[in-house]
Amino acid sequence: MNGDGEASADAAEPLAPSARAAYRLSLAPALLLIALCLLATWKLAVGGRIIARGDLLLYFYPLRDFAAQAVREGRLPLWNPYTFMGAPFLANSQVGFFYPFNVALSWLPVEQAVSLNIVLHLLLAALTAYALGRLGFRFGRVASLASGAAFGLGGYLGAQIEHLNQLQVLAWMPLLVLWVIHPLADRRDALKRVAALAGVLSLQILAGHTQSLYIAGVTAGLAALACVVWPEHGSVRERAQRLMPLIVLAFGAALAVLLCAAQLAPTLELSRESFRSGGLPFNEAGAFSWRPWVIARALLPTYGDPLFAEYVAYLGAAGLALAALGAINALRTHQRALLPLVLLAAGFVLALGVVTPLFNVLYKALPGFALFRAQARWLAMFALGAALLIGAGVQALSAGIDKRDARRWLAACVVLLGMLTFGVWLGARISPEAEYATLPARWVMLGWAAGALAVVAAVAAVPLLRRRGAAAGLFVTLLVVELLVAAQFQPYARAADASVLRELRPATAHLLAESPSTPGGFPRKAPLPLYSQNGRILALSGLFFDPGDKPEQELIFAGALSPDEIYDRLIASKHKEILSPNLSLYYRLPGVDGYDGGLLPTRRFVEFTQQFAGNASKDGRLREFLKTVPDMHWLGQMGVRTVIADKTQDVFIEGIFYDLLFTTPLTQAREISLQPYESTAIGLVFGLPGARAGETVGRLELTFLGELTQTFAIDAPSDAPADGFHTVLSWHDRRTPLSARFFPANAAQGLVLRGITLIDARDKSYLSQIAYADALVRLVHSGDVKIYGLIGDATARAFLREDPLRRVLIRDESPERLSVSFDEPLDKAGTLVLRDACYPGWVARVDGAITPIECADILFRSIKLPAGAQSAMLSYEPQSVRIGLWLSALGIGLWLALALLAWRYRPAPLSSMPNTTPSTGRR
């Protein structure tokens, strides 16, 4: 190499020993960052563990598994028939179907792919932050190492790993900022920069977390504005070049949109159908704002403090001290060095959301701001600014600070730590939230105190360190140690065994055994899921029960997992048992419910479910809003044939079990079919507000085997509770009741039948019945939860409106296609109703002729059929996907042309182009 550090013309000449040493030294920080990240995430990286809770379990595993199967089969997964009664799949940007990391890992089991994704993106975040410090702000290697460790291992990013796509987007944010602020040497460099920015933004778009993309875009915009407002030189022509960072960013963003059109076009179509189209109401947009009373504890390592993950943003005591030094140094050096401080301050204020008047202004004025509700996520910008300030602080220590500056820094650290101490105490006093109304646990505060004392002692010792760089090395060591200790309390350190996702629970095993959608049995996933014969599943159960094998799980895993990890395993077992949303997608079982939180569910789904679930969640999760089974009208409309519920509401009365899930209001005479059971009595549970003792509230007519009938008066007992009562009606010898007909004494009284059990008093045996008059319901599985089957044609998924009893056969079904046929041609025109979600892009062909699809009963599809029709085929053929693919192909061509032009173009240097990056110390 020559004296200027440029490469020798003789490329074949081997590197000199000094050059090889310099090369190894340049790689050392990156290798150290990789080692630190692997050490922090060892359970996921090399321990074979997975995270089986929260959004990873219920959202990302199902979505990534469904998408990965499509990648392996070489098809586009356009439609998801398993949640929300049908919904677009590819159009949901959170799927991240086109994201290269997701595609590359599709051949691994989904739990391994997700764990590896988490580790790789934490590594990527640390390395890109290192590159930003090194190349964007000209920090030395040690200072850049500190920035990378603070961002990749810091509190905010680690706390968000359960939001996989959010982590994937934010991992690229430092590189985005780097390409904005890095100096442009000539026009060729500008072309390269447009291509680079388009590439990074495309990766962020395809990762699929829109709010994080929005935050990253605003961060890049602030960086570009900093280049405009704070140029490094001041000639007139140089000032004319100030807008170059903004121009390059704008062109890069436009090209990225074109590159990602295959994802963005169907997503835009979905956004028009989404319940969130037009933005969120003010109160929802302000939800999950950063709480002022948690700020102090949020900036300190959690050490097990149960802080809501969205609020975590710790830097550690060493990180706070270094950031303070970096801020002090920035305020009195070059203007561009203020950019990290601007990012930190802006992220801090924006994360507070509704607490600040700025939120109201941005909600009304800033495009796109009202689309998101978790305002605390602006802490991503805060985290990046803080990481850069930490690097600036280490850089200042590397350059050396005098005793006077050391005293000022010590005073600042003492004041800052005092403010945090007061903030923790005050927050516990003023918090309206019970979980933060007390001080953290003793060991948490001891950890904080130990870190604070070590940092204060180190700051005080800085003037005594004679060796150049010793202070920087000391503080980076403190920072890394503190971050590694805190990492043991991050979500990625609380990981269960990999089998927790794959093992079957009894209830799901029963459903899979009964379903034709999984030939060969789970975990094999059929590419053509034929589920129409079994109908949909409505899961109502909560998590208020203990799994029956809880003692066995605790015994088996006591030596391998921590108590928290065993707890997560038990909760995961319960989620799988009750088929929580979106596990129906993971098991390929058609569910009524779903969960998203982004553009899904659609507006039609929310409007439909609000008819029987009240003000249902905009995210789905109907089980949280349904206290009982909807009546048969709604079950039939949704095509429900299976209901899952727990036993927490059932009761034993006088040693007899009563199933209280299904109820029948007795506003008129109602008849209930009974499972035959030879018995001597019938036990009844009623709901009746204000029943008077001895009052006859109705009568019961039982029909027995042999067509015998007997009538009983239903009297409220003297000790009846205020909200209902229990009674037992007996006959003399063993008989087998077949049906029970109830006649209320007063239809307006509000009498409700809640439970029926046939009892044999001779041997104390009994058989619980289903108190449901609207349909024939049978208990088909009873374990930790109960599974009920609804029998009859009332829940048919496809039917003729004019002739509901006419048999309609569903054949040749796949997610994006199905065909129906009739046993004989229709003798007159009619309307075919399919209980699948109505959505743009579905095309119907009746006997080969294209026929319009209309929306029936708010949510579902209907097709007008002419007389003589024999069959109909429906296929999902969205124009948005076709247009998006063509635009993406055009974008790829333009990107390749731009890259080739940048490679071959040889312009003169832009002497007027300002040097947009300050030099704040040694390289």
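See the structure above.
Chemist: I'm lost on the state of the cysteines in this one. Help?
Modeler: A covalent bond bridging the sulfur atoms of two cysteines is what the word disulfide describes. A complete count under the given rule lists one disulfide for this structure. Two residues, Cys838 and Cys855, share a disulfide whose sulfurs are 2.1 Å apart. The S-S bond linking Cys838 to Cys855 shows a torsion near -75°; that makes this disulfide left-handed. Of this pair, Cys838 sits in the loop between β23 (830-837) and β24 (842-846) while Cys855 sits in strand β26 (residues 853-856), placing them 17 residues apart in sequence. For Cys838, a relative accessible area of 10% gives the class buried.

Chemist: Before we go on, may I ask you to explain the packing of aromatic side chains in this structure?
Modeler: Two numbers describe a pair of aromatic rings. These are the distance of the centres and the angle of the planes. If you walk through the whole model with that rule in mind, you get 41 aromatic pairs. Geometrically, the ring pair formed by Phe608 and Phe612 is edge-to-face, given 5.9 Å between the ring centres and 80° between the ring planes. With a gap of four residues between them, Phe608 and Phe612 both fall in helix α29 (residues 603-613), about one helical turn apart. Phe612 matches Phe608 in its accessibility class, with the two residues each being buried. Residue Phe608 is classed as buried on the basis of its relative accessible area of 0%. Members of the aromatic cluster, joined through ring pairs, are Tyr214, Phe282, Phe359, Tyr363, Phe369, Phe372 and Trp378.

Chemist: What should I look at first to understand the environment of Ala396 in this one?
Modeler: Tracing the backbone shows Ala396 in helix α20 (residues 379-399). Residue classification places Ala396 among the buried residues on the basis of a relative accessible area of 8%. Sequence separation of Ala396 and Cys413 is 17 residues, and the distance between their C-alpha atoms is 16 Å.

Chemist: Explain the nonpolar core to me, please; I cannot follow it from the model alone.
Modeler: Nonpolar side chains tend toward joint burial in soluble globular proteins. If you look at the biggest cluster of nonpolar residues, it comprises 255 residues, and the most contacted ones within it are Ile118 and Trp290. Residues within four places of Ile118 in sequence aside, it is in contact with Leu44, Ile51, Leu56, Ile161, Leu164 and Leu167. With 24 residues, the next largest nonpolar core counts Leu688, Ile714, Phe742 and Leu753 among its residues.

Chemist: So what exactly am I meant to see when it comes to the sheet that holds strand β12 (residues 696-704) here?
Modeler: By definition, the strands of a sheet pair up through backbone hydrogen bonds, in either a parallel or an antiparallel sense. Spatial strand order, β10-β15-β12-β13: four strands in an open sheet with antiparallel pairing. Each end of this open sheet is capped by a strand with a single partner; those strands are β10 (670-673) and β13 (709-715). When the angles between neighbouring strand axes are averaged without regard to direction, this sheet yields 20°. Of the pairings in the sheet, the one linking β12 to β13 comprises seven bridges and is antiparallel in character. Residue pairing for β13: Glu701 is matched across the bridge by Thr711.

Chemist: Would you take a moment to explain the packing of helix α9 (residues 173-181) against helix α10 (residues 187-207) for this structure?
Modeler: Orientation of α9 relative to α10, taken along the N-to-C sense of each, is 160°, at an axis distance of 10 Å. What the angle tells us is that α9 and α10 run roughly antiparallel. The two elements α9 and α10 meet at a crossing, and its hand is left-handed. Residues Met173, Leu175, Leu176, Trp179 and Val180 of α9 pack against Arg193, Ala196, Leu197, Val200, Leu201 and Gln204 of α10.

Definitions and limits used
- Residues numbered from 1 in each chain as written.
- Predicted model: local features only at pLDDT ≥ 70, side-chain atom pairs only at ≥ 80, totals over all residues.
- Heavy atoms only, no water.
- Disulfide = S-S within 2.5 Å.
- Helix = DSSP H or I, 4+ residues; strand = E, 2+ residues; numbered from the N terminus.
- Buried < 20%, exposed > 50% of the residue type's maximum accessible area, 1.4 Å probe, protein only.
- Phe/Tyr/Trp six-rings, centres within 6.5 Å; stacked < 30°, edge-to-face > 60°.
- Core = buried A, V, L, I, M, F, W, Y, C linked by side-chain atoms within 4.5 Å.
- Contact = heavy atoms within 4.5 Å.
- Pairing = 2+ DSSP bridges.
- Axes fitted to C-alpha atoms, helices over the stretch in contact; angles between N-to-C directions.
- Parallel < 35°, antiparallel > 145°, perpendicular 65-115°, else oblique.
- Left-handed = near helix turned anticlockwise from the far one by under 90°.

Geometric values such as these leave the question of function open.
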